[in-house]
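Observations on chain architecture
Letter by letter, the chains look like this.
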Amino acid sequence: MDTSWSSVRPATLPQAPSLRVRSNMLAKSIGPDLELRLLEVRHAEQFFAMQMRDKENFSKWIPWKFDESYTVESARNFIKGELQKFVNNSGIELGIWHKEQLIGDLGLNFIDWQNKRADMGFSLTADFQGRAIATAACRALLAYAFGELKLNRMEMRCSKDNERACALARRLGFTQEGHCSEAQWLHGRFWDLLLFGMIAEDWQQ
Ligand SMILES: CC(C)(COP(=O)(O)OP(=O)(O)OC[C@H]1O[C@@H](n2cnc3c(N)ncnc32)[C@H](O)[C@@H]1OP(=O)(O)O)[C@@H](O)C(=O)NCCC(=O)NCCS
């Protein structure tokens, strides 16, 4: 008897478009000198250097652990994991470049093709915040998710106390749909998360 998960998939599973074929996001301009590009293994040193320059910003609301065990190899393994999701058609992680400098990343963390939804995450180095760059990057990602991948729903989960992330969600037109008490364990304590959602028909280009 075939006991693999594939054998119990409903026959009605929607046909998922291939992320690799839908490649418009692999290099996309989002403004003067600003570009989104697929994060690749060859970017590991740059990715690590970006995180090390701005450890506090990157680990304040995201569970990155930048202790002595975190090395370029750890950054490389993170990127490999994200690329594996891309190959498996279940996610995509993009770098945000200002000229040739990597200044942040964002992506679809998990695409649920059955229900046509995905959740997104994003980070920007502190010295590039406050200039609407994350807004532009997220808008491009939403256009890709709704327009090209034909997803029906996008989600974001942000700590209630992460004011910049919550402001970004609202600026993008997300609706706060839920308050998840003590849903994230970070820096030795629980934090409440806000669930933000947007459906395709509410997406304004
Ligand atoms: C969340 C994060 C990406 C938001 O970055 P951000 O710089 O606040 O967002 P944007 O790049 O869109 O910039 C918005 C700012 O540009 C300003 N702005 C200027 N022109 C603008 C325009 N045309 N449109 C929108 N905003 C504009 C806004 O007023 C806002 O400034 P303010 O914060 O002083 O009010 C950033 O804080 C971050 O990386 N944090 C650490 C990682 C993190 O928390 N990730 C999320 C985990 S859930």
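Residue indices begin from 1 for each chain and proceed along its sequence in written order. With pLDDT at 70 or above as the cut-off, local features in this predicted model cover only qualifying residues; side-chain atom pairs require 80 or more to be listed or tallied, and sums for whole chains, interfaces and linings still use all residues.

1. Describing the site of the ligand
In the vicinity of the ligand, 19 residues are found, and the nearest of them are Q129, A132, A134, T135 and R164. Elements supplying a minimum of two residues to the shell around the ligand: β5 (117-124), α4 (133-148) and α5 (163-172). In terms of residue count, α5 provides more of the shell around the ligand than any other element does, four residues in total. Proximity of a residue to a molecule or strand is defined by its backbone-placed C-beta atom lying within 6 Å of that partner. The secondary structure listing takes helices from DSSP runs of H or I that are at least 4 residues long and strands from runs of E that are at least 2 residues long, numbered from the N terminus.

2. Considering the nonpolar core
We define the nonpolar core as any set of buried residues of the types Ala, Val, Leu, Ile, Met, Phe, Trp, Tyr and Cys, connected via C-beta atoms lying within 7 Å of each other. Each residue is classed by its C-beta neighbour count within 10 Å, where at least 20 other C-beta atoms makes it buried, 12 or fewer makes it exposed, and intermediate counts make it partly exposed; the C-beta atoms are placed from backbone geometry. Core analysis: the largest hydrophobic core is formed by 47 residues, its most contacted members being A137, C138, L141 and A145. Here this core gets nine residues from one element, more than from any other, and that element is α4. Here A145 is in contact with L108, A118, L151 and M154, once residues within four sequence places are set aside. Placing C-beta atoms from the backbone, we regard two residues as in contact once those atoms come within 7 Å.

3. Some thoughts on the pairing of β5
Pairing between two strands requires that DSSP report at least two bridges joining them. Sheet topology note: the strand β4 (residues 101-112)/β5 ladder contains eight bridges and is antiparallel. Note on β5: the bridge partner recorded for G107 is G121. The hairpin turn running from β4 into β5, its antiparallel successor, is four residues long, and K116 in that turn takes a positive phi close to 55 degrees. Pairing analysis gives three bridges linking β5 to strand β6 (residues 153-159), with the strands arranged parallel. Counted as the bridge partner of R117 is R153 from β6. Classification remark: right-handed applies to a crossover when, strands pointing away from the viewer, the course from the first strand over the helix to the second runs clockwise. Following the backbone out of β5, through α4 and into the adjacent parallel β6, one traces a crossover that is right-handed.

4. Side note on the pairing of strand β7 (residues 175-186)
Consecutive side chains along a regular strand alternate between the two faces of the sheet. Of all twelve residues in β7, zero are buried, a share of ten percent or less. Inspection of the sheet shows β7 paired to strand β8 (residues 189-199) by eight bridges, in the antiparallel sense. Bridging from a neighbouring strand, T175 pairs with G197 of β8. Between β7 and β8, which pair antiparallel in sequence order, lie two residues; one of them, H187, sits at a positive phi of approximately 50 degrees.

5. Structural notes on the sheet that holds strand β2 (residues 34-38)
One open sheet accounts for eight strands, arranged β1-β2-β3-β4-β5-β6-β8-β7; its pairing is mixed. Each end of this open sheet is capped by a strand with a single partner; those strands are β1 (27-31) and β7. If you compare each strand with its neighbour and ignore which way they point, the axes differ by 25 degrees on average. The pairing of β1 with β2 spans four bridges and is classified as antiparallel. Each residue of the ladder has a partner; that of K28, found in β2, is L36. Axis lines are fitted through C-alpha atoms, for helices just across the contact stretch, and the angle between N-to-C directions can take any value from 0 to 180 degrees. Along the sheet face, α4 touches β1, β2, β3 (92-98), β4, β5 and β6 and points at about 160 degrees away from the line of β5. Each of β6 and β8 touches α5; the most contacted strand, β6, lies at about 155 degrees to it.

6. Examining α5
For α5, the complete set of buried residues consists of A165, L168, A169 and L172. One side of α5 carries all its buried residues, which in axial view fall inside an arc of 100 degrees. Tucked into the core, α5 has its buried residues touching α4, β6 and β8. Backbone geometry just downstream of α5 places G173 in the positive-phi region, at approximately 100 degrees. Our arc is simply the arc of the directions from the helix axis toward the C-beta atoms.

7. Here's the deal with the confidence of the model for the protein chain
When pLDDT is averaged across the protein chain, the result is 91; 90% of the residues are at 70 or more. Within a predicted model, pLDDT stands for the predictor's per-residue confidence, ranging from 0 to 100. Across residues 1-13, where pLDDT falls below 50, the model places two contacts with residues more than four positions away in sequence or in other chains.

8. Remarks on the packing of helix α1 (residues 44-53) against helix α3 (residues 72-87)
Relative to each other, α1 and α3 sit at 115 degrees, their axes nearing to 8 Å. Here α1 lies roughly perpendicular to α3, going by the angle between them. For the crossing formed where α1 meets α3, the hand is right-handed. Of the residues in α3, those touching α1 at A44, E45, F47, F48 and Q51 are V72, A75, R76 and I79. Of the residues belonging to the contact of α1 with α3, the class tally is six nonpolar, one polar and two charged. For classification, angles of less than 35 degrees are called roughly parallel, those exceeding 145 degrees roughly antiparallel, those between 65 and 115 degrees roughly perpendicular, and all remaining angles oblique. Definitions for this section: a left-handed crossing has its near helix turned counterclockwise from the far helix by less than a right angle. A right-handed crossing has that turn clockwise. Polarity classes work like this: nonpolar for Ala, Val, Leu, Ile, Met, Phe, Trp, Tyr, Cys and Pro, charged for Asp, Glu, Lys and Arg, and polar for all others, with Gly in that last group.

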